[in-house]
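# Coordinates in review
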Amino acid sequence: MTFFFWKDPAYIRIRPYFHGWVRPYRGKLIGGILLGFVASAMTSGVPLVLKQLIDRIFTEKNTHFLFILPFSFFLLFALKGLAVFYQNYLLRIAALQMVNDVRKTLFSHLVSLPMGYYGREGTGSLMGRVTYDAERLQSGVANTLRDLVQQGFTIVGVLGSMIVMSPRLTLFLMVMLPAVLIPIRKTGKKLKTLSRRTQESFGDVNQHLSETLSSIRLIKGVVSEELEKEKFKAFSDEFVGAQIKTAKYSNLLSPIMETLGALAAGIAVWAGGYAVIKGTLSFGTLVGFIAAAQMLYQPIKGFAGAQADIQQSLAAAERIVDILAVPEERVTSPGAKTITALREGIEFRHISFAYPGTESSALDDVSLSIPAGSFVALVGASGSGKSTLANLLPRFYEPTKGEILWDGMPLSEIAPASLRSVIGFVTQDVVLMNQSIRDNLLYGLTREVPEEELIAAARTAYAHDFISALPKGYDTRVGERGIFLSGGEKQRLALARVVLRDPSLLVLDEATSALDSESEWVVQKALESVMKGRTTIAIAHRLTTIRQAQTVFVLEKGRLIESGSHEELMRTDSRYKSFILHLMRTGEMVPEEIL
Ligand SMILES: Nc1ncnc2c1ncn2[C@@H]1O[C@H](COP(=O)(O)OP(=O)(O)OP(=O)(O)O)[C@@H](O)[C@H]1O
């Protein structure tokens, strides 16, 4: 039964979180509830005063009450108005502040989840939880408390007044109770399902929008605008469809309740009219009673509305709790070791790994050593596990089997935050924010960086000249995801960022797409100067890079199949040799490079 929301499995699930959310605002909520009580007491007094008004003034013609009763009438409404105002105000403030807390907690939880989580949940859907669901929860809590408390009390109070006036007539009207409860219950259930559907389809709309905007180059490149429009239309229509159905069901209750209210008044006249004619019931009682029956309509409607609100808020809260229930990644912990550099080297010992939720291994029993200060290249076909191997180092993922040692220390004992501060990543897809070049270069640094150091870093990365040539120099905004910059320029900014962070270990995921030869040359130069004095692991796609590496590790389907220098491997009849020759035949590697 929806009335007892505290028995609802959804509520039981969110309860521990909900109590924590509500606790800081107890005072305001209790104040709101008490004021709701005052407001409903005032409302319940109206039929009684009305009865007295008619019986004393009009029937008994008692002039003594001519002033008192109308004034009491006014006083009741004035007090009720005041109580309702402050009740709504307090509840709204409490709900707004509470949801503000929830939103902030949700955001900080969202950025602290383990890497594996983000791939599973779509960005749009996650955005929907922080925006739409949090908002739903806010209005839900404020409205529910108002309606449940004030309207609940009013129903009880008005019923009390009715019993005081005539228990017999009240009993007559009780016959209608099932007629009132059944539609409330039925619409409540329907609304819960619809609410989930609305929220999910809002997630789809959001997801599609964020995906489209972030892939706009691809979409335009392959001319698939029409396809995307069609997809968006479908998601948006589904969202509106669910909302229209919700509107239908939530607005259906009102007319049903109004009709039932009129029926109740009719029953009251039919059953009480005869008694008034016979003189066994005062006219004032009947009028008071009809007024009471009419007055029940509004609170029952509100109370029924609260059921719908409860269902919608429960669905929203559940979706929020779905995220909060995922354990956070602990980037620092009291027992964990911290490191400041790589001094001896890294060793992978029998490492196997499968991505969460997948069956096949991305890495299978890989053992290799990378001495500090060396330059190694990871080579292999697409999907052979090169990026996966590199992603285990900052502990974005934990190996399923085996152990990685950092200067002889198990990686699992080192705090991820500390590891990440000594590893610099330069990925194919350089992540830039729509801020100035300066802000992008300094992003994540907590120390003050003097201008000279910033410029020196940009020089090391061969970026200073192109930055200086921009209209606003270091203060030029780069556009969303660096859209105003070329591929080579983005790569050099990423390298300048590495210089400023000064990590011991550099992980370079080389771009597979070719840069023009001039950019290629500059990026290569920048790379060479940034690599100096650092251990470098390159996920290599260019022969020039591979040839510079002291050791090339060759991966195939997650297994390490060969290792050695390029020359050594080319001298034998290795799988590496046939792989490189294959790449040259297919044009993925330029043959001139080995000449
Ligand atoms: N987030 C992920 N979730 C599930 N499986 C993944 C994930 N990332 C990669 N994989 C799978 O793991 C295997 C190894 O992928 P990985 O990205 O490490 O290969 P790679 O050698 O770096 O390839 P590429 O050169 O194309 O980047 C592949 O089969 C890939 O499909």
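The rules we used
Residues numbered from 1 in each chain as written. Predicted model: local features only at pLDDT ≥ 70, side-chain atom pairs only at ≥ 80, totals over all residues. Heavy atoms only, no water. UniProt positions renumbered as here; feature names shortened; annotations may be inferred. Salt bridge = Lys/Arg side-chain N within 4 Å of Asp/Glu carboxyl O. Helix = DSSP H or I, 4+ residues; strand = E, 2+ residues; numbered from the N terminus. Buried < 20%, exposed > 50% of the residue type's maximum accessible area, 1.4 Å probe, protein only. Near = heavy atom within 4 Å. Polar contact = N/O pair within 3.5 Å; in protein donor to acceptor, adjacent residues only side chain to side chain. Pairing = 2+ DSSP bridges. Patch = residues over 30% accessible without salt bridge, like charges linked within 9 Å, V, L, I, M, F, W, Y side chains within 5 Å. Areas by Shrake-Rupley, 256 points an atom, 1.4 Å probe, with all protein chains shown as cover. Axes fitted to C-alpha atoms, helices over the stretch in contact; angles between N-to-C directions. Parallel < 35°, antiparallel > 145°, perpendicular 65-115°, else oblique. Left-handed = near helix turned anticlockwise from the far one by under 90°. Nonpolar A, V, L, I, M, F, W, Y, C, P; charged D, E, K, R; others polar. Core = buried A, V, L, I, M, F, W, Y, C linked by side-chain atoms within 4.5 Å. Contact = heavy atoms within 4.5 Å. Phe/Tyr/Trp six-rings, centres within 6.5 Å; stacked < 30°, edge-to-face > 60°.

- With an unreviewed UniProt entry as reference, the chain is termed ABC transporter, ATP-binding protein, MsbA family, source organism Leptospirillum ferrodiazotrophum.
- Here the chain is described in UniProt, under the heading Subcellular location (unreviewed entry), as follows: "Cell membrane".

## Some remarks on the pattern of salt bridges
- Within this structure, the stated rule accounts for 22 salt bridges.
- Between Arg319 and Asp133 there is a salt bridge whose closest N-O contact spans 2.8 Å. Taken as a pair, Arg319 in helix H10 (residues 283-324) and Asp133 in helix H5 (residues 123-165) lie far apart in primary sequence, 186 residues in all. Across the pair, Asp133 and Arg319 agree in class, each one buried.
- When the shortest N-O distance is used, the salt bridge between Glu347 and Arg349 registers 3.3 Å.
- With a relative accessible area of 28%, Glu347 lands in the partly exposed category.

## Side note on the site of the ligand
- Taken together, 13 residues surround the ligand, and among them Ser382, Gly383, Lys386, Ser387 and Thr388 come closest.
- Interatomic distance of 3.1 Å between a backbone N/O atom of Ser384 and an oxygen atom of the ligand.
- Thr388 places a polar side-chain atom, nitrogen or oxygen, 2.4 Å from an oxygen atom of the ligand.

## Remarks on the sheet that holds strand S2 (residues 363-371)
- Spatially, S2-S1-S4-S5 is the arrangement adopted by the four strands of the open sheet, whose pairing is antiparallel. Here the strands that pair on one side only, and so sit at the sheet edges, are S2 and strand S5 (409-410).
- Strand direction decides the pairing type here: strand S1 (residues 345-353) and strand S4 (residues 401-406), joined by five bridges, are antiparallel. When the bridges of S4 are listed, Arg349 appears paired with Glu403.

## What to know about the pairing of strand S3 (residues 375-380)
- Along S3, six of the six residues are buried, which leaves the element largely enclosed by surrounding structure.
- The alternating pattern of S3 places Phe375, Ala377 and Val379 on one face and Val376, Leu378 and Gly380 on the opposite face, and all of these are buried.
- As defined by bridge partners, S3 adjoins strand S8 (residues 535-539) across four bridges and the pair is classed as parallel. Note that in S8 the partner of Val376 across the bridge is Ile537.
- Where S3 meets strand S9 (residues 551-556), five bridges bridge the pair, whose relative direction is parallel. Each residue of the ladder has a partner; that of Val376, found in S9, is Thr551.

## What to know about unusual backbone geometry
- The phi torsion at Lys61 lies on the positive side, around 55°, for a residue other than glycine.
- Mapping Lys61 onto the fold places it in the loop between helix H2 (26-59) and helix H3 (65-110).
- With a phi angle near 45°, Lys557 is a residue other than glycine that sits in the positive phi range.
- Here Lys557 lies in the loop between S9 and strand S10 (559-564).

## Some points on a nonpolar patch on the surface
- Side chains of Phe67, Ile68, Phe71, Phe74, Leu75 and Leu79 sit close together on the surface and give an oily, nonpolar patch of about 600 Å² of accessible area.
- Topologically, Phe71 is positioned in helix H3.
- In this structure Phe71 comes out as partly exposed when scored by relative accessible area, which is 39%.

## Considerations on the packing of H5 against H10
- One can describe the packing of H5 onto H10 by two numbers: an axis separation of 6 Å at closest approach and a directional angle of 155°. One element, H5, and the other, H10, form an angle in the roughly antiparallel class. Crossing handedness for the pair H5 and H10: left-handed.
- Among the residues forming the contact of H5 with H10, the class breakdown is 24 nonpolar, twelve polar and seven charged.

## Digging into the nonpolar core
- Counting residues in each nonpolar core, the largest one holds 44 residues, and the members touching the most others are Leu441, Ile467, Leu493, Ile546, Val552 and Tyr576.
- Here this core takes seven residues from helix H16 (residues 487-501), the largest share from any one element.
- If we skip the residues at most four places from it in the chain, Val552 touches Ala377, Val379, Ile546, Glu562, Ser563, Gly564, Ser565, His566, Leu569 and Tyr576.
- Counting 35 residues, the second-largest nonpolar core is a separate cluster that includes Val46, Ile57, Met176 and Leu260.

## Observations regarding the packing of aromatic side chains
- Enumeration over the complete set of coordinates arrives at 16 aromatic pairs.
- Ring centres 5.4 Å apart and planes at 50° place the aromatic pair Phe202 and Phe239 in the tilted group. Here Phe202 is found in helix H7 (residues 177-214), whereas its partner Phe239 is found in helix H9 (residues 225-278), with 37 residues between them in sequence. Note on accessibility: Phe202 and Phe239 belong to one class, buried.
- Members of the aromatic cluster, joined through ring pairs, are Tyr11, Phe18 and Trp21.

## Remarks on the packing of H3 against H10
- For the pair H3 and H10, the least separation of the axes is 9 Å and the interaxial angle reads 35°. For the pair H3 and H10, the crossing hand works out as left-handed. Between H3 and H10, the contacting residues are Val102, Thr105, Leu106, His109 and Leu110 on the first element and Ile320, Ile323 and Leu324 on the second.
- Partitioning the contact of H3 with H10 into residue classes produces six nonpolar, two polar and no charged.

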